[in-house]
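# Coordinate analysis (summary)
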Amino acid sequence: MNTSRRSFLRRSVGALALAPIVPVGRLALDPGRVGALRDPGALPDPGALPDPGTRSPADPVSRPVGSRPPQEAWVARARAEIPAATRSLYFQTGGIGPASEAVIDHVQERLAFQNRSPAEPRISAEMARIEPDLRAQLARLFGAETEEVALTHSTSEGISIIAWSVNWEPGDEVVISNTEHPANVIPWYVLRDRFGIVIREIDLSPGTPLIDEVRGQLSDRTRMVSISHVSRNNGRALRAGESAELGDLLRSRGVRYHLDGAQGPGCVVTDFRALGCDGYSTCGHKWLLGPKGTGALFVRRELLDDVRLSWAGSHSHATMDYEGGYTLLPSAARYEFGTRALADFAGFTRAVEWMEEIGLERVEERIQSLVDYAIEVVDAAEGLGVASPRTRPDRSGVFVVRLPEGCDATQLYGDLREDEGILGSPVREERDFRLSIHFFNTREEIDAVVASIAARCN
Ligand SMILES: Cc1ncc(COP(=O)(O)O)c(C=O)c1O
């Protein structure tokens, strides 16, 4: 080990053992668990795993490091309720979030309840409350009206509903950015191939001027702008004021404005109205820690008739006859149809309640304070840099480490996962490695993961 790497480890890991790669992983994850990650069939009983809130003082993880404040009790309690948070170093919420036991128990309970007799009116009536209650809850928390919320199964579904809502003509244009997830790229490729639309791209790297970027790509053929609220690749969060200004500009030109909010709610303060967009697609299964296959699409009430349906079916309608007549629901629930996984949506409700019990503001503040800490630790690490925005309000829990020349993020991802049970993610830029930092992560985990990255890359 070279001298500078030693001094990095000493600075950032402090009282934690100064040792080569494997023990860094062991600081927060015992070898049994690392092995278990490779072989899910061999996972130990979660009850048998040490809970960070109850580690003995002899365990290095619970020893105070430098001037680090003690772990807050609410974090330890919440962590103990999320099995995945203590089974690995879980920095992959931006890919897929872990759920608490309360959420999974609730899904199971609702599924079993429904299955006692799904057709029995008392049971079906109770199950039928789940979706309206969830729409109202999401509207209240994220700045929409209940009538503006459609429940979906993913962010991708919301994006596709919006993408296919326009009667596209050859030569019509959509503006996306250089930092979109495939979910906000593939639909436009398909529309290009089917209808001949033109895709234009803006640069949403940290620090670029949003409005000027979009203005530079607008033409009299532009019909839609669809970009990320929070970038999965570089962590940039759009400022609400700037986004609202963009919304005004686009409305004045008759251009629809959609945000991909997969990385928004639960990660950064999210207010649909304040962002000034026409549509906002998000999911329950990332930062809101809900069941997998849950999502929501918000559409401004006054645009419901303009955001045309491409898919529809039973339950999209308010009235119908078999003579060709029908009316759609007067709300965004018109974008939903068919029999739905109500127990999962009940779990989504429970997940949001669980986050509210903790306090969404407290969650966001905790994420921001961990990001502050991560910036400090990465700045002190030899060869590593911070690729995501460093200051509020542009930054988010999507924290991106720039690796040294020659260090490949995909290789690193595999090595960290296999050898140390660290779950992060490569992103679009090959030298960028994403750590999704949620409130349940700890400063000790940040020390450990950054030390491991530095040790492997230098
Ligand atoms: C920015 C962004 N958009 C869309 C998606 C796709 O989300 P979903 O699986 O909910 O469709 C992701 C998933 O990582 C994402 O990061």
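Predicted model only: the values in this text are computed from it and were never measured.

### Quick word on the overall build of the protein chain
- Looking only at helices and strands, the protein chain has 17 helices and 15 strands in total.
- Burial status across the protein chain gives 46% buried among its 458 residues.
- Of all intrachain contacts in the protein chain linking residues separated by at least 6 positions in sequence, the fraction that spans at least 24 positions is 73%.

### Regarding the sheet that holds strand β3 (residues 173–177)
- Spatially, seven strands are ordered β2-β8-β7-β6-β5-β3-β4 in an open sheet, and the strand pairing comes out mixed. The sheet is open, and its two borders are formed by β2 (149–152) and β4 (198–202), each paired with just one other strand. In this sheet, adjacent strand axes meet at a mean angle of 20° when their direction is disregarded.
- Sheet topology note: the strand β7 (residues 279–283)/strand β8 (residues 295–299) ladder contains five bridges and is antiparallel. Residue pairing for β8: Ser 281 is matched across the bridge by Leu 297.

### What about the pairing of strand β5 (residues 222–228)?
- Among the seven residues in β5, six count as buried, and that is most of the element.
- Direction of pairing for β3 relative to β5: parallel, over a ladder of three bridges. Across the sheet, residue Glu 173 finds its bridge partner in β5, namely Thr 222.
- As for the winding sense of the linkage, the β-α-β connection from β5 through helix α12 (residues 240–252) to strand β6 (residues 256–260) is right-handed.

### Structural notes on the sheet that holds strand β14 (residues 425–426)
- Ordered by their spatial adjacency, four strands build an open sheet running β11-β12-β15-β14, and the pairing between neighbours is antiparallel. The strands lining the two open edges of the sheet, one partner per strand, are β11 (385–386) and β14.

### A word on the site of the ligand
- Around the ligand, 14 residues are found, and the nearest of them are Ser 154, Thr 155, Ser 156, His 181 and Ala 262.
- Per-class residue counts for the shell around the ligand are three nonpolar, nine polar and two charged.

### Considerations on the environment of Tyr 326
- By secondary structure assignment, the location of Tyr 326 is in strand β10 (residues 326–328).
- You can call Tyr 326 partly exposed: it has 13 C-beta atoms within 10 Å.
- Counting along the chain gives 10 residues from Tyr 326 to Ser 316, while the straight-line C-alpha distance between them is 9.9 Å.
- Residues contacting Tyr 326, with those up to four places away along its chain left out, are His 317, Thr 319 and Met 320.

### What to know about the nonpolar core
- Counting residues in each nonpolar core, the largest one holds 104 residues, and the members touching the most others are Ala 150, Ala 351, Ala 374, Val 401, Val 449, Val 450 and Ile 453.
- Sorting elements by how many residues they give to this core places helix α14 (residues 342–358) first, with nine residues.
- There are two domains that each give this core at least three residues, and those are domain 1 (3–90 + 360–457) and domain 2 (104–355).
- If we skip the residues at most four places from it in the chain, Ala 351 touches Ala 99, Val 103, Gly 284, Leu 288, Leu 289 and Gly 290.

### Notes on the packing of helix α8 (residues 130–141) against α14
- It is the contact of α8 with α14, at a shortest axis distance of 9 Å, that shows an interaxial angle of 30°. Relative to α14, the element α8 is oriented roughly parallel. Relative to α14, the crossing made by α8 is left-handed. Of the residues in α14, those touching α8 at Ile 130, Glu 131, Asp 133, Leu 134, Gln 137 and Leu 141 are Leu 342, Phe 345, Ala 346, Phe 348, Thr 349 and Val 352.
- Of the residues in the contact of α8 with α14, the class split is eight nonpolar, two polar and two charged.

### Points about the packing of helix α15 (residues 360–379) against helix α17 (residues 443–457)
- Two elements in contact, α15 and α17, have axes separated by 10 Å at closest approach and are oriented at 30°. Our classification of the angle between α15 and α17 gives roughly parallel. Here the hand of the crossing between α15 and α17 comes out right-handed. Facing Leu 370, Tyr 373, Ala 374, Val 377 and Val 378 of α15, the residues of α17 in contact are Arg 443, Ile 446, Asp 447 and Val 450.
- Looking at the contact of α15 with α17, its residues break down into seven nonpolar, no polar and two charged.

### Some thoughts on helix α6 (residues 101–115)
- With 15 residues, α6 should cover 21 Å at 1.5 Å per step; its first-to-last C-alpha distance of 21 Å lies within 8% of that length.
- Looking only at α6, the buried set comprises Val 103, His 106, Val 107 and Arg 110. Summarising the axial view, the buried residues of α6 lie within an arc of 100°, below the 170-degree limit, and thus occupy one face. Structural note: α6 exposes Gln 108, Ala 112 and Asn 115 on the side pointing more than 90 degrees away from its buried face.
- Elements that come into contact with the buried residues of α6 comprise α14.

### Thoughts on the pairing of β7
- β7 sits mainly inside the fold: five of its five residues count as buried.
- Of the two faces of β7, the one holding Gly 279, Ser 281 and Cys 283 and the one holding Tyr 280 and Thr 282 are both buried throughout.

### Notes on α15
- Taking 1.5 Å per residue, 20 residues should reach 28 Å; α15 reaches 29 Å between its end C-alpha atoms and fits that length.
- For α15, the set of buried residues is Val 363, Arg 366, Ile 367, Leu 370, Val 371, Ala 374, Val 377 and Val 378. The buried side chains of α15 occupy one side of the element, clustering within an arc of 145° when seen end-on. Away from its buried face by more than 90 degrees, α15 exposes Glu 361, Glu 365 and Asp 379.

### Looking at unusual backbone geometry
- Residue Pro 393 follows Arg 392 across a cis peptide bond; omega there is 5°.
- Inspection of the secondary structure assignment puts Pro 393 in the loop between β11 and β12 (398–402).
- The phi dihedral of Leu 289 falls on the positive side, at around 60°, and the residue is not glycine.
- Mapped onto the elements, Leu 289 comes out in the loop between β7 and β8.
- A positive phi angle, close to 95°, is found at His 315, a residue other than glycine.
- Counting through the fold element by element, His 315 comes out in the loop between β8 and β9 (317–320).

Parameters and conventions
Residues numbered from 1 in each chain as written. Predicted model: local features only at pLDDT ≥ 70, side-chain atom pairs only at ≥ 80, totals over all residues. Helix = DSSP H or I, 4+ residues; strand = E, 2+ residues; numbered from the N terminus. Buried ≥ 20, exposed ≤ 12 C-beta atoms within 10 Å, placed from the backbone. Contact = placed C-beta atoms within 7 Å. Pairing = 2+ DSSP bridges. Axes fitted to C-alpha atoms, helices over the stretch in contact; angles between N-to-C directions. Right-handed = clockwise from strand over helix to strand, strands pointing away. Near = placed C-beta within 6 Å. Nonpolar A, V, L, I, M, F, W, Y, C, P; charged D, E, K, R; others polar. Core = buried A, V, L, I, M, F, W, Y, C linked by C-beta atoms within 7 Å. Domains from an automatic or database assignment. Parallel < 35°, antiparallel > 145°, perpendicular 65-115°, else oblique. Left-handed = near helix turned anticlockwise from the far one by under 90°. Expected span 1.5 Å × (residues − 1). Arc of directions from axis to C-beta.

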